[in-house]
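Descriptive analysis of the structure
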Amino acid sequence: HRGAGLLAPENTLAAFRHGLAQAYRMFECDVRLSKDGQLFLLHDDRLERTTSGTGVAADCPWPALARLDAGSWHSATHTGEPLLQLDELLAFCQQAGCALNIELKASPGQEERTGRAVAASVVRQWTTQPWPLLSSFSVAALAAAAAQAPQLPRALLAERCSATALAAALELGCVAMVLEAGALTEAEVATVHAAGLAVLCYTVNECEVAARLLDWAVEGIITDRVDVFDPAAAACCGGRR
Ligand code: G3P
Ligand code: MG
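Presented here is an overview of the structure given in this document.

**Focus on the overall build of the protein chain**
- A count of helices and strands for the protein chain gives eight helices and eight strands.
- Radius of gyration (C-alpha) of the protein chain: 17 Å, near the 18 Å computed for a compact globule of 241 residues.
- By the burial criterion, 53% of the 241 residues in the protein chain qualify as buried.
- For the protein chain, the accessible surface area stands at approximately 10,400 Å², while carbon and sulfur atoms represent 54% of it.
- The averaged location of the 27 negative side-chain charges in the protein chain is 4 Å from the averaged location of its 18 positive side-chain charges.

Take a look at the structure:
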């Protein structure tokens, strides 16, 4: 989740390096557009929480964003850690042999532009298989990504697994739904599976919750606790993986 959750500054290269060192081989990240059309990683619409900047990120051109410190807010060890461009992360993941889930974080009004730009960038730069999974809460962003590059797998994010959300995911040709773990029920997992889609869950930081979801046969969990869940272990979460 955001590279390595809370253990390094989220969505920076330091976070992905940390996750890799913990034996993780698939990452979730949040991607958005700068004012001048560069794709970079940032969770929030605004800069204040995780960078030395202020204001709305989508109002800033990349040269200004590139000068920001995206590490000091987390810890002194990471002072000076810069924001990360999507291109850099695509290169890092391919070099390291890691899979990637790119969440499209479209700033308001930028949904279609963001979906198109991410899809075009992935097709241009990703040379291995499997393709990165593109996910979003935004139907418009996913529809634009599908129009740009229909071959890229898509997943609809939703806080609740409603019939409307499942119908939208099917309409978008999604391969999965990414659902908020706390609200999810076993019956909902079965319904999504019966519709032919995989189920991924966010954000799972407790072993008991992970074990319950694995019992329900979800295909993936997204976690901050890369220090607790060891993907290289023969067994975790009470013997279930
Ligand atoms: O992609 C799963 C999860 O990251 C969605 O929520 O707010 O952490 O981006 P958020
Ligand atoms: Mg996210």
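**Side note on the packing of aromatic side chains**
- Overall, the coordinates contain three aromatic pairs when judged by the stated rule.
- Ring centres 5.3 Å apart and planes at 85° place the aromatic pair Phe16 and Phe27 in the edge-to-face group. Separated by eleven residues along the polypeptide, Phe16 in helix H1 (residues 13-21) and Phe27 in strand E1 (residues 26-33) bring together distant segments of the chain. Take Phe16 and Phe27: they sit in the same class, and that class is buried.
- Aromatic side chains Phe137 and Tyr202 sit 6.2 Å apart centroid to centroid with 85° between the ring planes, which places their arrangement in the edge-to-face category. Of this pair, Phe137 sits in the loop between strand E4 (133-136) and helix H5 (139-148) while Tyr202 sits in strand E7 (residues 198-202), and the two are 65 residues apart along the sequence.
- By relative accessible area, which is 40% here, Phe137 ends up partly exposed.

**Observations concerning the sheet that holds strand E2 (residues 39-41)**
- Ordered by their spatial adjacency, eight strands build an open sheet running E2-E1-E3-E4-E5-E6-E7-E8, and the pairing between neighbours is mixed. Of all the strands in the sheet, the pair left with one neighbour each is E2 and strand E8 (220-221).
- Relative to strand E6 (residues 176-180), strand E5 (residues 154-158) runs parallel, the two sharing four bridges. For Leu157, the partnering residue across the bridge sits in E6 and is Val178.
- On top of the sheet, helix H3 (residues 86-96) reaches E1, E2 and strand E3 (99-104); it is set at about 160° to E3, its chief contact.
- Across the sheet, helix H6 (residues 163-171) lies against E5 and E6, angled at about 165° from E5, the strand it touches most.

**Here's the deal with the site of ligand 1**
- With respect to spatial proximity, the complete set of residues near ligand 1 consists of His1, Arg2, Glu28, Asp30, His43, Glu103, Lys105, Phe137, Leu157, Tyr202 and Ile222.
- Between His1 and ligand 1, the recorded distance is 2.7 Å, taken from a side-chain N or O atom to an oxygen atom.
- A distance of 3.2 Å separates an oxygen atom of ligand 1 from a polar side-chain atom of Asp30.
- About the coverage of ligand 1: the protein hides 91% of its 290 Å² of free accessible area.
- Tallied by class, residues from the shell around ligand 1 come to four nonpolar, two polar and five charged.

**Considerations on the nonpolar core**
- In this structure, Leu89, Leu100, Ile102, Val118, Met177 and Leu213 are the most contacted members of the largest nonpolar core, which totals 57 residues.
- For this core, the element with the most residues is H3, which contributes five residues.
- When sequence neighbours within four positions are dropped, the list of residues in contact with Leu89 reads Phe16, Cys29, Leu41, Leu84 and Leu100.
- Within the second largest apolar cluster, ten residues are counted, among which are Cys60, Leu65, Leu68 and Ala70.

About the criteria used
- Residues numbered from 1 in each chain as written.
- Chains lettered and ligands numbered in written order.
- Predicted model: local features only at pLDDT ≥ 70, side-chain atom pairs only at ≥ 80, totals over all residues.
- Heavy atoms only, no water.
- Helix = DSSP H or I, 4+ residues; strand = E, 2+ residues; numbered from the N terminus.
- Rg over C-alpha atoms; globule rule 2.2 N^0.38 Å.
- Buried < 20%, exposed > 50% of the residue type's maximum accessible area, 1.4 Å probe, protein only.
- Areas by Shrake-Rupley, 256 points an atom, 1.4 Å probe, with all protein chains shown as cover.
- Lys, Arg positive; Asp, Glu negative; His and termini not counted.
- Charge placed at Lys NZ, Arg CZ, Asp CG, Glu CD.
- Phe/Tyr/Trp six-rings, centres within 6.5 Å; stacked < 30°, edge-to-face > 60°.
- Pairing = 2+ DSSP bridges.
- Contact = heavy atoms within 4.5 Å.
- Axes fitted to C-alpha atoms, helices over the stretch in contact; angles between N-to-C directions.
- Near = heavy atom within 4 Å.
- Polar contact = N/O pair within 3.5 Å; in protein donor to acceptor, adjacent residues only side chain to side chain.
- Nonpolar A, V, L, I, M, F, W, Y, C, P; charged D, E, K, R; others polar.
- Core = buried A, V, L, I, M, F, W, Y, C linked by side-chain atoms within 4.5 Å.

Limitation: the analysis is restricted to geometry and does not speak to function.
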